[in-house]
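Examining the three-dimensional arrangement
The lines below spell out each chain.
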Amino acid sequence: SNDKKFAKSSFKIKSYPLTTAYEELMTHGPISTIITVFQDFLHYKSGVYKHLSGWQIGSHAIEVIGWGVENGEKYWWVKNSWGSTWGNGGFVKIGYGEVGIENSFTAGYV
């Protein structure tokens, strides 16, 4: 039990303005959220992910660790829990507004 950490509090982060999420990331670290997973997500390797094909296969909890812009497309930099052989070394860039990423931003203070 000594090696476990527990949050003192948890709360939902407003999706907009996005500066709220940016501030939380910079001040307190990663944000948890849930996305809708479609078939094409399983085959992600690089670039900014946008759902283009396939049907919904479920939901998935992920950890947002940052944001950026690639080729003019804004994205959230995300750590996935499927291991380093999936995606871009276990990470994925998910485009803003894609797969419900901004709908469930949640954080907690340890």
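Quick note: structure is the one above.
All of these numbers come straight from a predicted model, not from anything done at the bench. (Residues numbered from 1 in each chain as written. Predicted model: local features only at pLDDT ≥ 70, side-chain atom pairs only at ≥ 80, totals over all residues. Heavy atoms only, no water.)

Here we look at the environment of Trp82
Our working rule: By the criteria applied, helices consist of DSSP H or I runs no shorter than four residues and strands consist of E runs no shorter than two, each listed in order from the N terminus. Pairs of residues are marked as contacts when any of their non-hydrogen atoms sit within 4.5 Å. As used in this structure description, the phrase polar contact means that two N or O atoms lie within 3.5 Å; if the pair is within protein, one of them must be able to donate a hydrogen and the other to accept it, and residues adjacent in sequence are counted only when both atoms belong to side chains.
Here Trp82 is to be found in the loop between strand 5 (73-79) and strand 6 (91-95). Residues Trp82 and Ile62, 20 residues apart in the sequence, show an inter-C-alpha distance of 9.9 Å. Every residue in contact with Trp82, bar those within four places of it in the chain, is listed here: Phe41, Leu42 and His60. Polar contacts involving the side chain of Trp82 include one to the side chain of His60, which spans 3.5 Å.

Let's talk about the pattern of salt bridges
Side-chain pairs of opposite charge can arise where the charged atoms are in close proximity. What counts here: Salt-bridge detection follows one rule: a side-chain nitrogen of Lys or Arg within 4 Å of a carboxyl oxygen of Asp or Glu. Partly exposed describes any residue whose relative accessible area lies between the buried limit of under 20% and the exposed limit of over 50%, with all areas from a 1.4 Å probe on protein chains only and scaled to the type maximum.
Across all of its chains, the model carries two salt bridges by this definition. Where Lys50 meets Glu73, a salt bridge forms, and the shortest distance between an N and an O atom there is 2.8 Å. Placement of Lys50 in the loop between strand 3 (48-49) and strand 4 (56-70) and of Glu73 in strand 5 is noted, with a sequence separation of 23 residues between them. The partly exposed category is assigned to Lys50, whose relative accessible area is 37%. On the basis of relative accessible area, Glu73 is assigned to the partly exposed category, the value being 27%. The residue Glu70 makes a salt bridge to Lys93 at a minimum N-O spacing of 2.4 Å. In this pair, Glu70 sits in strand 4 while Lys93 sits in strand 6, placing the two residues 23 residues apart along the sequence.

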